[in-house]
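Here are the chains, one letter per residue:
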Amino acid sequence: RDTGITAEEYEAYLAVNPAVRELVSTPFLLKIFVDSFSLLKSKQPAAQSSIRFTRGDLYQAFMEEWYCKEEKKLVASMGKSIPKLKETFVEFSQSLAFELFKEMVNQIVYQEVAERMRFGRYKNDPTTDPNPWSEWFSNTDIKVTRARRGCPLRSLGSTTFSFAHQSFLEFFVAEELWQALQESQGEVLVEVWGARCLSKDPKMPAVISFLVDKLSGESTQEPCEDSAAKRSRSDQATSRRVSVRANLLWLIENSKRERTEGVTAEGVTAERLQSIQNAASNAITVLNKSCFPLSAKAREDPIFFRGVHVPHADLSTAQLWGVDLTDADLSHCLLAGVKLSGANLKGCNMKGVNFAEWPRLRFPDKVDAVALTRDGTGLAVASGNEVHLLRKEGFEWKTGPVLQGHTGLVMSVAWS
(Lines give C-alpha, C1' and ligand atoms only; values in the text may rest on other atoms or scores of the structure.)
Protein backbone atom coordinates (compact mmCIF):
# COMPACT_ATOMS: atom_id res chain seq x y z
CA ARG A 1 0.00 0.00 0.00
CA ASP A 2 1.36 3.39 -1.03
CA THR A 3 1.46 5.67 2.02
CA GLY A 4 3.66 8.33 0.46
CA ILE A 5 6.31 7.59 3.10
CA THR A 6 9.66 6.13 2.11
CA ALA A 7 11.35 3.16 3.77
CA GLU A 8 14.17 5.49 4.78
CA GLU A 9 11.73 7.60 6.83
CA TYR A 10 10.51 4.53 8.73
CA GLU A 11 14.08 3.37 9.35
CA ALA A 12 15.17 6.81 10.53
CA TYR A 13 12.29 7.00 12.99
CA LEU A 14 12.99 3.54 14.40
CA ALA A 15 16.71 4.31 14.64
CA VAL A 16 16.09 7.16 17.10
CA ASN A 17 13.17 5.42 18.85
CA PRO A 18 14.54 2.11 20.14
CA ALA A 19 11.47 1.57 22.36
CA VAL A 20 9.26 1.54 19.26
CA ARG A 21 11.69 -0.74 17.40
CA GLU A 22 11.44 -3.30 20.24
CA LEU A 23 7.64 -3.30 19.98
CA VAL A 24 7.49 -3.85 16.23
CA SER A 25 8.45 -7.50 16.57
CA THR A 26 5.72 -9.24 14.52
CA PRO A 27 4.27 -8.66 11.03
CA PHE A 28 0.96 -7.53 12.52
CA LEU A 29 2.58 -4.98 14.86
CA LEU A 30 4.68 -3.78 11.94
CA LYS A 31 1.48 -3.20 9.96
CA ILE A 32 -0.01 -1.25 12.85
CA PHE A 33 3.17 0.84 13.04
CA VAL A 34 3.06 1.61 9.30
CA ASP A 35 -0.63 2.52 9.36
CA SER A 36 -0.24 4.85 12.34
CA PHE A 37 3.18 6.24 11.41
CA SER A 38 2.00 9.74 10.47
CA LEU A 39 0.25 10.22 13.81
CA LEU A 40 3.15 8.73 15.78
CA LYS A 41 5.64 11.01 14.07
CA SER A 42 3.55 14.13 14.69
CA LYS A 43 3.03 13.36 18.37
CA GLN A 44 6.44 11.98 19.22
CA PRO A 45 9.29 13.87 17.54
CA ALA A 46 12.76 12.34 17.51
CA ALA A 47 13.84 14.67 20.32
CA GLN A 48 11.58 12.71 22.67
CA SER A 49 13.05 9.32 21.75
CA SER A 50 14.17 8.56 25.30
CA ILE A 51 10.62 8.74 26.71
CA ARG A 52 8.85 5.50 27.54
CA PHE A 53 6.73 3.96 24.79
CA THR A 54 4.32 1.04 25.20
CA ARG A 55 2.42 -1.42 23.05
CA GLY A 56 -0.77 0.32 24.15
CA ASP A 57 0.54 3.59 22.68
CA LEU A 58 0.98 1.87 19.34
CA TYR A 59 -2.57 0.50 19.38
CA GLN A 60 -3.97 3.85 20.53
CA ALA A 61 -2.32 5.65 17.64
CA PHE A 62 -3.55 3.02 15.18
CA MET A 63 -7.14 3.28 16.41
CA GLU A 64 -7.08 7.08 16.22
CA GLU A 65 -6.03 6.80 12.57
CA TRP A 66 -8.68 4.13 11.99
CA TYR A 67 -11.48 6.22 13.51
CA CYS A 68 -10.47 9.30 11.50
CA LYS A 69 -10.52 7.35 8.23
CA GLU A 70 -13.87 5.73 8.98
CA GLU A 71 -15.37 9.05 10.04
CA LYS A 72 -14.29 10.69 6.78
CA LYS A 73 -15.77 7.85 4.73
CA LEU A 74 -19.07 7.92 6.63
CA VAL A 75 -19.40 11.70 6.44
CA ALA A 76 -18.62 11.61 2.71
CA SER A 77 -21.28 8.94 2.11
CA MET A 78 -23.93 10.86 4.08
CA GLY A 79 -22.98 14.30 2.84
CA LYS A 80 -23.09 15.84 6.31
CA SER A 81 -21.10 15.91 9.54
CA ILE A 82 -22.18 13.85 12.53
CA PRO A 83 -21.49 15.15 16.06
CA LYS A 84 -19.38 13.03 18.42
CA LEU A 85 -18.95 10.29 15.84
CA LYS A 86 -15.51 9.27 17.05
CA GLU A 87 -16.81 8.93 20.63
CA THR A 88 -19.58 6.71 19.28
CA PHE A 89 -17.01 4.49 17.53
CA VAL A 90 -14.97 4.19 20.73
CA GLU A 91 -17.98 3.34 22.93
CA PHE A 92 -19.29 0.78 20.46
CA SER A 93 -15.91 -0.97 20.08
CA GLN A 94 -15.22 -1.10 23.81
CA SER A 95 -18.70 -2.23 24.80
CA LEU A 96 -18.75 -5.01 22.18
CA ALA A 97 -15.26 -6.21 23.14
CA PHE A 98 -16.20 -6.24 26.81
CA GLU A 99 -19.34 -8.27 26.15
CA LEU A 100 -17.28 -10.84 24.25
CA PHE A 101 -14.81 -10.84 27.15
CA LYS A 102 -17.58 -11.50 29.67
CA GLU A 103 -19.07 -14.28 27.56
CA MET A 104 -15.61 -15.84 26.98
CA VAL A 105 -16.07 -15.97 23.20
CA ASN A 106 -14.14 -14.50 20.27
CA GLN A 107 -16.87 -14.66 17.63
CA ILE A 108 -20.48 -13.56 17.31
CA VAL A 109 -23.16 -15.47 15.44
CA TYR A 110 -25.98 -13.12 14.54
CA GLN A 111 -29.08 -13.27 12.38
CA GLU A 112 -31.21 -10.18 11.92
CA VAL A 113 -34.40 -9.82 13.97
CA ALA A 114 -37.15 -7.25 13.70
CA GLU A 115 -36.86 -5.69 17.16
CA ARG A 116 -35.17 -2.31 17.37
CA MET A 117 -32.43 -2.06 20.01
CA ARG A 118 -29.74 0.36 21.00
CA PHE A 119 -26.27 -0.38 22.37
CA GLY A 120 -25.07 1.11 25.65
CA ARG A 121 -22.59 0.63 28.44
CA TYR A 122 -23.39 -1.57 31.46
CA LYS A 123 -27.14 -1.16 31.10
CA ASN A 124 -29.75 -3.92 31.12
CA ASP A 125 -32.08 -3.35 28.20
CA PRO A 126 -35.58 -4.57 29.12
CA THR A 127 -36.29 -5.45 25.48
CA THR A 128 -36.66 -9.19 25.03
CA ASP A 129 -34.74 -10.52 22.05
CA PRO A 130 -33.68 -14.09 21.17
CA ASN A 131 -30.21 -12.93 20.16
CA PRO A 132 -28.31 -10.80 22.72
CA TRP A 133 -25.96 -9.51 20.00
CA SER A 134 -28.80 -7.46 18.47
CA GLU A 135 -27.57 -4.65 20.69
CA TRP A 136 -24.53 -4.33 18.40
CA PHE A 137 -25.60 -5.95 15.12
CA SER A 138 -29.20 -4.95 14.50
CA ASN A 139 -29.64 -3.24 11.13
CA THR A 140 -32.95 -1.65 12.13
CA ASP A 141 -31.34 1.08 14.24
CA ILE A 142 -29.39 3.66 12.23
CA LYS A 143 -27.34 4.59 15.29
CA VAL A 144 -26.15 1.01 15.69
CA THR A 145 -25.24 0.56 12.02
CA ARG A 146 -23.44 3.90 12.03
CA ALA A 147 -21.45 3.08 15.16
CA ARG A 148 -20.54 -0.35 13.79
CA ARG A 149 -18.88 1.31 10.79
CA GLY A 150 -16.08 2.51 13.03
CA CYS A 151 -15.38 -0.83 14.72
CA PRO A 152 -12.49 -2.97 13.36
CA LEU A 153 -14.60 -6.08 12.66
CA ARG A 154 -14.35 -8.80 10.05
CA SER A 155 -16.98 -11.11 8.61
CA LEU A 156 -16.34 -14.85 8.83
CA GLY A 157 -19.43 -15.69 6.83
CA SER A 158 -22.90 -14.32 6.36
CA THR A 159 -23.76 -14.54 10.08
CA THR A 160 -20.44 -14.80 11.93
CA PHE A 161 -18.28 -11.86 13.00
CA SER A 162 -15.18 -11.18 15.06
CA PHE A 163 -12.64 -8.43 15.65
CA ALA A 164 -10.14 -8.15 12.80
CA HIS A 165 -7.43 -9.35 15.20
CA GLN A 166 -7.60 -10.85 18.69
CA SER A 167 -5.30 -8.14 20.02
CA PHE A 168 -7.91 -5.49 19.14
CA LEU A 169 -10.39 -7.21 21.45
CA GLU A 170 -7.75 -7.36 24.21
CA PHE A 171 -6.86 -3.70 23.75
CA PHE A 172 -10.50 -2.58 23.95
CA VAL A 173 -11.12 -4.71 27.06
CA ALA A 174 -8.12 -3.11 28.76
CA GLU A 175 -9.37 0.35 27.78
CA GLU A 176 -12.78 -0.43 29.29
CA LEU A 177 -11.25 -1.66 32.53
CA TRP A 178 -8.92 1.33 32.74
CA GLN A 179 -11.76 3.75 32.07
CA ALA A 180 -13.75 2.19 34.90
CA LEU A 181 -10.78 2.60 37.25
CA GLN A 182 -10.63 6.29 36.44
CA GLU A 183 -14.35 7.08 36.39
CA SER A 184 -16.18 4.53 38.57
CA GLN A 185 -16.35 3.56 42.21
CA GLY A 186 -18.18 1.14 44.46
CA GLU A 187 -20.66 -1.28 42.95
CA VAL A 188 -20.09 -0.18 39.35
CA LEU A 189 -16.34 -0.68 39.68
CA VAL A 190 -16.84 -4.16 41.15
CA GLU A 191 -19.27 -5.04 38.33
CA VAL A 192 -16.76 -4.11 35.63
CA TRP A 193 -13.58 -5.47 37.24
CA GLY A 194 -15.39 -8.56 38.51
CA ALA A 195 -16.80 -9.59 35.14
CA ARG A 196 -14.09 -12.21 34.73
CA CYS A 197 -10.79 -13.26 36.33
CA LEU A 198 -7.94 -12.31 33.98
CA SER A 199 -5.51 -14.86 35.45
CA LYS A 200 -7.89 -17.84 35.44
CA ASP A 201 -8.18 -20.15 32.42
CA PRO A 202 -8.81 -19.03 29.76
CA LYS A 203 -6.29 -16.41 30.83
CA MET A 204 -5.97 -12.94 29.31
CA PRO A 205 -2.26 -12.03 29.76
CA ALA A 206 -2.37 -9.40 26.99
CA VAL A 207 -5.11 -7.48 28.83
CA ILE A 208 -3.04 -7.58 32.01
CA SER A 209 -0.02 -6.34 30.05
CA PHE A 210 -1.96 -3.39 28.58
CA LEU A 211 -3.19 -2.42 32.08
CA VAL A 212 0.25 -2.77 33.66
CA ASP A 213 1.73 -0.49 30.99
CA LYS A 214 -0.90 2.13 31.76
CA LEU A 215 -0.36 1.87 35.51
CA SER A 216 3.44 1.87 35.30
CA GLY A 217 3.78 5.12 33.42
CA GLU A 218 2.27 7.68 31.13
CA SER A 219 2.20 7.38 27.37
CA THR A 220 4.78 9.07 25.20
CA GLN A 221 2.11 10.25 22.83
CA GLU A 222 2.22 13.91 23.77
CA PRO A 223 3.47 16.91 21.81
CA CYS A 224 6.58 18.90 22.75
CA GLU A 225 6.02 21.19 25.74
CA ASP A 226 8.00 23.66 27.77
CA SER A 227 9.33 22.57 31.18
CA ALA A 228 6.46 24.14 33.15
CA ALA A 229 3.84 22.37 31.04
CA LYS A 230 5.73 19.10 31.39
CA ARG A 231 5.82 19.46 35.18
CA SER A 232 2.10 20.20 35.25
CA ARG A 233 1.31 17.18 33.07
CA SER A 234 3.58 15.03 35.21
CA ASP A 235 1.80 16.15 38.39
CA GLN A 236 -1.58 15.38 36.82
CA ALA A 237 -0.38 11.94 35.71
CA THR A 238 0.92 11.18 39.20
CA SER A 239 -2.43 12.22 40.69
CA ARG A 240 -4.28 9.94 38.28
CA ARG A 241 -2.03 6.99 39.10
CA VAL A 242 -2.54 7.53 42.83
CA SER A 243 -6.32 7.57 42.33
CA VAL A 244 -6.21 4.44 40.15
CA ARG A 245 -4.05 2.58 42.67
CA ALA A 246 -6.40 3.62 45.46
CA ASN A 247 -9.29 2.04 43.54
CA LEU A 248 -7.28 -1.16 42.97
CA LEU A 249 -6.46 -1.39 46.68
CA TRP A 250 -10.12 -0.80 47.53
CA LEU A 251 -11.14 -3.72 45.30
CA ILE A 252 -8.72 -5.97 47.22
CA GLU A 253 -9.91 -4.76 50.60
CA ASN A 254 -13.53 -5.17 49.50
CA SER A 255 -13.01 -8.94 49.27
CA LYS A 256 -12.17 -9.39 52.96
CA ARG A 257 -13.92 -12.23 54.76
CA GLU A 258 -15.87 -10.05 57.16
CA ARG A 259 -17.24 -8.01 54.26
CA THR A 260 -18.24 -10.97 52.10
CA GLU A 261 -19.83 -12.73 55.07
CA GLY A 262 -21.82 -9.58 55.70
CA VAL A 263 -23.18 -9.36 52.17
CA THR A 264 -23.99 -13.07 52.19
CA ALA A 265 -26.16 -12.50 55.23
CA GLU A 266 -28.01 -9.85 53.26
CA GLY A 267 -28.91 -12.40 50.61
CA VAL A 268 -26.34 -11.51 47.97
CA THR A 269 -25.98 -14.27 45.39
CA ALA A 270 -22.97 -16.51 44.80
CA GLU A 271 -22.55 -14.76 41.45
CA ARG A 272 -22.14 -11.45 43.25
CA LEU A 273 -19.53 -12.90 45.59
CA GLN A 274 -17.69 -14.31 42.59
CA SER A 275 -17.59 -10.83 41.05
CA ILE A 276 -16.11 -9.41 44.26
CA GLN A 277 -13.38 -12.06 44.26
CA ASN A 278 -12.69 -11.69 40.53
CA ALA A 279 -12.28 -7.94 40.97
CA ALA A 280 -9.91 -8.40 43.90
CA SER A 281 -7.85 -11.02 42.06
CA ASN A 282 -7.56 -8.81 38.99
CA ALA A 283 -6.61 -5.81 41.09
CA ILE A 284 -3.82 -7.54 43.03
CA THR A 285 -2.53 -9.18 39.83
CA VAL A 286 -2.21 -5.84 38.03
CA LEU A 287 -0.62 -4.18 41.06
CA ASN A 288 1.86 -7.03 41.47
CA LYS A 289 2.78 -7.03 37.76
CA SER A 290 3.40 -3.29 37.92
CA CYS A 291 5.88 -3.90 40.80
CA PHE A 292 3.67 -2.27 43.42
CA PRO A 293 5.32 -2.94 46.82
CA LEU A 294 2.75 -5.19 48.50
CA SER A 295 4.96 -5.75 51.56
CA ALA A 296 5.35 -1.98 51.97
CA LYS A 297 1.56 -1.63 51.94
CA ALA A 298 1.42 -4.27 54.69
CA ARG A 299 3.93 -2.33 56.78
CA GLU A 300 1.82 0.79 56.35
CA ASP A 301 -1.38 -1.11 57.26
CA PRO A 302 -0.44 -4.39 59.05
CA ILE A 303 -3.90 -5.99 58.69
CA PHE A 304 -4.66 -4.84 55.14
CA PHE A 305 -4.21 -8.29 53.55
CA ARG A 306 -5.77 -10.24 56.42
CA GLY A 307 -8.77 -12.18 55.10
CA VAL A 308 -8.60 -11.00 51.47
CA HIS A 309 -10.08 -13.33 48.84
CA VAL A 310 -7.95 -13.35 45.69
CA PRO A 311 -8.22 -16.87 44.19
CA HIS A 312 -6.39 -17.48 40.89
CA ALA A 313 -4.40 -14.23 41.23
CA ASP A 314 -0.95 -14.05 39.64
CA LEU A 315 1.38 -13.27 42.55
CA SER A 316 4.55 -14.53 40.89
CA THR A 317 7.69 -12.87 42.32
CA ALA A 318 5.52 -10.90 44.80
CA GLN A 319 7.35 -9.48 47.80
CA LEU A 320 5.22 -10.72 50.73
CA TRP A 321 7.85 -10.65 53.49
CA GLY A 322 6.14 -10.51 56.86
CA VAL A 323 2.67 -9.94 55.35
CA ASP A 324 -0.27 -11.01 57.53
CA LEU A 325 -2.35 -13.30 55.29
CA THR A 326 -4.42 -14.80 58.10
CA ASP A 327 -7.65 -16.34 56.76
CA ALA A 328 -6.87 -15.12 53.24
CA ASP A 329 -7.96 -17.11 50.18
CA LEU A 330 -4.97 -17.70 47.90
CA SER A 331 -6.39 -20.85 46.33
CA HIS A 332 -5.06 -21.63 42.85
CA CYS A 333 -2.80 -18.55 42.90
CA LEU A 334 0.42 -18.51 40.90
CA LEU A 335 3.18 -18.06 43.50
CA ALA A 336 6.23 -18.65 41.32
CA GLY A 337 9.25 -17.01 42.93
CA VAL A 338 7.14 -15.41 45.67
CA LYS A 339 8.89 -14.23 48.84
CA LEU A 340 6.92 -15.44 51.89
CA SER A 341 9.57 -15.22 54.61
CA GLY A 342 7.90 -14.27 57.89
CA ALA A 343 4.41 -14.19 56.35
CA ASN A 344 1.51 -15.27 58.58
CA LEU A 345 -0.44 -17.97 56.72
CA LYS A 346 -2.64 -19.09 59.59
CA GLY A 347 -6.01 -20.21 58.24
CA CYS A 348 -4.96 -19.25 54.71
CA ASN A 349 -6.60 -21.27 51.92
CA MET A 350 -3.75 -22.42 49.68
CA LYS A 351 -5.54 -25.20 47.84
CA GLY A 352 -4.11 -25.74 44.37
CA VAL A 353 -1.47 -22.98 44.61
CA ASN A 354 1.26 -23.17 41.99
CA PHE A 355 4.78 -22.48 43.23
CA ALA A 356 6.12 -23.45 39.79
CA GLU A 357 8.51 -25.93 41.37
CA TRP A 358 10.88 -27.77 39.14
CA PRO A 359 9.17 -30.95 37.99
CA ARG A 360 10.57 -34.34 38.86
CA LEU A 361 13.10 -35.30 36.20
CA ARG A 362 12.96 -38.91 35.01
CA PHE A 363 15.82 -40.81 33.42
CA PRO A 364 16.12 -44.34 31.98
CA ASP A 365 18.50 -45.49 34.74
CA LYS A 366 19.42 -44.44 38.26
CA VAL A 367 21.21 -41.12 38.63
CA ASP A 368 24.80 -41.33 39.90
CA ALA A 369 25.93 -37.69 39.55
CA VAL A 370 24.68 -34.21 38.70
CA ALA A 371 26.35 -30.87 38.07
CA LEU A 372 24.95 -27.34 37.68
CA THR A 373 26.53 -24.54 35.70
CA ARG A 374 27.66 -21.52 37.72
CA ASP A 375 24.70 -19.45 36.58
CA GLY A 376 22.26 -22.26 37.42
CA THR A 377 20.82 -22.49 33.92
CA GLY A 378 22.54 -25.70 32.81
CA LEU A 379 22.33 -29.18 34.33
CA ALA A 380 24.33 -32.32 33.54
CA VAL A 381 22.94 -35.64 34.80
CA ALA A 382 24.84 -38.93 34.74
CA SER A 383 22.42 -41.84 34.35
CA GLY A 384 23.82 -45.26 33.56
CA ASN A 385 26.38 -44.88 30.78
CA GLU A 386 24.82 -41.63 29.45
CA VAL A 387 25.09 -37.95 30.34
CA HIS A 388 21.91 -35.91 29.84
CA LEU A 389 22.22 -32.15 29.32
CA LEU A 390 19.32 -29.89 30.27
CA ARG A 391 18.75 -26.14 30.19
CA LYS A 392 16.52 -24.03 32.43
CA GLU A 393 13.80 -21.98 30.76
CA GLY A 394 11.75 -20.00 33.24
CA PHE A 395 10.78 -22.49 35.92
CA GLU A 396 11.18 -25.60 33.78
CA TRP A 397 14.07 -27.80 32.68
CA LYS A 398 14.14 -28.51 28.95
CA THR A 399 15.91 -31.64 27.72
CA GLY A 400 18.96 -31.20 25.49
CA PRO A 401 21.60 -33.42 23.94
CA VAL A 402 22.43 -36.85 25.39
CA LEU A 403 26.13 -37.76 25.48
CA GLN A 404 26.45 -41.44 24.68
CA GLY A 405 29.23 -43.95 23.95
CA HIS A 406 30.64 -44.48 27.45
CA THR A 407 31.70 -48.10 28.00
CA GLY A 408 30.87 -48.08 31.68
CA LEU A 409 28.77 -46.23 34.24
CA VAL A 410 29.36 -42.48 34.45
CA MET A 411 30.05 -41.74 38.13
CA SER A 412 30.93 -38.02 37.99
CA VAL A 413 30.25 -34.97 35.83
CA ALA A 414 31.49 -31.39 35.86
CA TRP A 415 31.21 -28.23 33.81
CA SER A 416 34.41 -26.62 32.61
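The structure contained in this document is the topic of the report that follows. Given the structure is predicted, the values throughout are model-derived calculations rather than measurements. (Residues numbered from 1 in each chain as written. Predicted model: local features only at pLDDT ≥ 70, side-chain atom pairs only at ≥ 80, totals over all residues. Heavy atoms only, no water.)

**Focus: the overall build of the protein chain**
To keep things clear, this is the line we draw: Segments assigned H or I by DSSP are reported as helices when at least four residues long, segments assigned E as strands when at least two residues long, and all are numbered from the N terminus. Exposed residues in this analysis have more than 50% of their type's maximum accessible area, buried residues have under 20%, and partly exposed residues fall in between, with area computed by a 1.4 Å probe over protein chains only. The contact definition used throughout considers only heavy atoms, calling two residues in contact when any of these lie within 4.5 Å. Here the open area of atoms and residues is found with the Shrake-Rupley method and a 1.4 Å probe, where only the protein chains shown may cover a residue.
The secondary structure content of the protein chain amounts to 15 helices and 7 strands. Looking at the protein chain as a whole, 44% of its 416 residues are labelled buried. For the protein chain, long-range pairs separated by at least 24 residues make up 57% of all intrachain contacts whose partners lie at least 6 apart in sequence. As displayed, the protein chain offers around 21700 Å² of accessible surface, 52% of which is attributable to carbon and sulfur atoms.

**A look at helix α9 (residues 166–183)**
Convention followed: The length a helix should cover is 1.5 Å for every residue beyond the first.
For α9, spanning 18 residues, the distance from its first C-alpha to its last is 26 Å, which sits close to the expected 26 Å at 1.5 Å a residue. Burial analysis of α9 places 14 of its 18 residues in the buried class, the great majority of the element.

**Considering helix α5 (residues 55–78)**
Here α5 is 24 residues long and its end C-alpha atoms lie 35 Å apart, about the 34 Å a rise of 1.5 Å per residue gives. Every buried residue belonging to α5 is among Gly 56, Asp 57, Leu 58, Tyr 59, Ala 61, Phe 62, Met 63, Glu 64, Glu 65, Tyr 67, Glu 70 and Leu 74, and all of these are buried. Backbone geometry just after α5 places Gly 79 at a positive phi near 75°.

**Quick word on the pattern of salt bridges**
Filter applied, for reference: We define a salt bridge as a side-chain nitrogen of Lys or Arg found within 4 Å of a carboxyl oxygen belonging to Asp or Glu.
By the definition in use, this model includes 9 salt bridges. Across the pair Glu 99 and Lys 102 runs a salt bridge, and its minimum N-O distance is 3.4 Å. Here Lys 102 and Glu 99 lie together in helix α6 (residues 85–103), a separation of 3 residues that amounts to about one turn. Arg 272 is the salt-bridge partner of Glu 187, the closest N and O atoms lying 2.0 Å from each other.

**Focus on the packing of α5 against α6**
Short version of the rule: Between N-to-C directions, angles cover 0 to 180 degrees, with each direction set by a line fitted to C-alpha atoms, over the stretch in contact for helices. Angle categories are assigned with fixed cut-offs, so that under 35 degrees is roughly parallel, over 145 is roughly antiparallel, 65 to 115 is roughly perpendicular, and the rest are oblique. Note: crossing handedness is left-handed where the near helix turns anticlockwise from the far helix by less than a right angle, and right-handed where it turns clockwise.
It is at 10 Å that the axes of α5 and α6 come closest, and there the two elements cross at 120°. By the angle between their axes, α5 is oblique relative to α6. Considering the relative orientation of α5 and α6, their crossing is right-handed. Between α5, through Glu 64, Tyr 67, Glu 70, Glu 71 and Leu 74, and α6, the contact on the second element is made entirely by Leu 85, Lys 86, Phe 89, Val 90 and Ser 93.

**Side note on the sheet that holds strand β3 (residues 160–163)**
Just so we agree on the cut-off: A pair of strands counts as paired when DSSP detects no fewer than two bridges linking them.
With antiparallel pairing, the 3 strands of this open sheet are ordered in space as β1-β3-β2. Single-partner strands in this sheet number two, and they are β1 (107–109) and β2 (153–155). Shown here is a sheet whose adjacent strand axes are inclined to one another by a mean of 25°, direction ignored. Contacts between α6 and the sheet are confined to β1, β2 and β3, with β3 contributing the most and set at about 105° to the helix.

**Side note on the pairing of strand β4 (residues 367–372)**
Of the pairings in the sheet, the one linking β4 to strand β5 (residues 378–383) comprises 5 bridges and is antiparallel in character. Residue pairing in the sheet places Val 367 in a bridge with Ser 383 of β5. Counting the residues that bridge the hairpin from β4 to β5 gives 5 residues, and of these Gly 376 lies at a positive phi of roughly 75°.

**Observations regarding the packing of aromatic side chains**
The cut-off we apply is this: Within 6.5 Å between ring centres, the rings of Phe, Tyr and Trp (the latter by its six-membered ring) count as paired, and their orientation is classed by plane angle as stacked under 30 degrees, edge-to-face over 60, tilted in between. Charge-over-ring placement is defined geometrically: NZ (Lys) or CZ (Arg) within 6 Å of the ring centre, and within 35 degrees of the ring normal.
According to the stated counting rule, one finds 14 aromatic pairs in the structure shown. Measuring from centroid to centroid gives 6.1 Å for Tyr 59 and Phe 168, while their planes differ by 80°, and the two rings are edge-to-face. On the criterion of sequence distance, the pair formed by Tyr 59 in helix α5 and Phe 168 in helix α9 is long-range, its members being 109 residues apart. An identical accessibility class is assigned to Tyr 59 and Phe 168; each is buried. Cluster of aromatic residues (ring-pair linked, three or more members): Tyr 59, Phe 62, Trp 66, Phe 163, Phe 168, Phe 171, Phe 172 and Phe 210. Of note, Lys 256 hangs over the ring of Phe 304, and the distance from its end group to the ring centre comes to 5.8 Å. The ring of Phe 304 has Lys 297 lying over it, and the distance from NZ or CZ to the ring centre is 5.0 Å.

**A short note on the packing of helix α10 (residues 186–193) against helix α14 (residues 270–289)**
What describes two packed helices is the angle between their axes and the distance between those same axes. Selection criterion: Charged means Asp, Glu, Lys or Arg here, nonpolar means Ala, Val, Leu, Ile, Met, Phe, Trp, Tyr, Cys or Pro, and polar covers whatever is left, Gly included.
The geometry of α10 relative to α14 is characterised by a closest axis approach of 8 Å and an angle of 80° between their N-to-C directions. Viewed along their axes, α10 and α14 adopt a mutual orientation that is roughly perpendicular. Seen from α10, the contacting residues are Glu 187, Val 190, Glu 191 and Trp 193; seen from α14, they are Arg 272, Ser 275, Ile 276, Asn 278, Ala 279, Asn 282, Ala 283 and Val 286. Its residues assigned to classes, the contact of α10 with α14 comprises 6 nonpolar, 3 polar and 3 charged.

**Examining the environment of Glu 271**
Topologically, Glu 271 is positioned in helix α14. Using a relative accessible area of 64% as the deciding quantity, one classes Glu 271 as exposed. Glu 271 sits 76 residues away from Ala 195 along the chain, and the two C-alpha atoms are 10.0 Å apart.

**Observations concerning unusual backbone geometry**
Cis geometry marks the peptide bond from Asp 201 to Pro 202; its omega dihedral reads -5°. Checked against the element boundaries, Pro 202 lands in the loop between α10 and α11 (205–216). The phi dihedral of Asp 327 falls on the positive side, at around 60°, and the residue is not glycine. For His 332, which is not a glycine, the phi torsion comes out positive at approximately 65°. Along the polypeptide, His 332 turns up in the loop between α15 (294–300) and β4.

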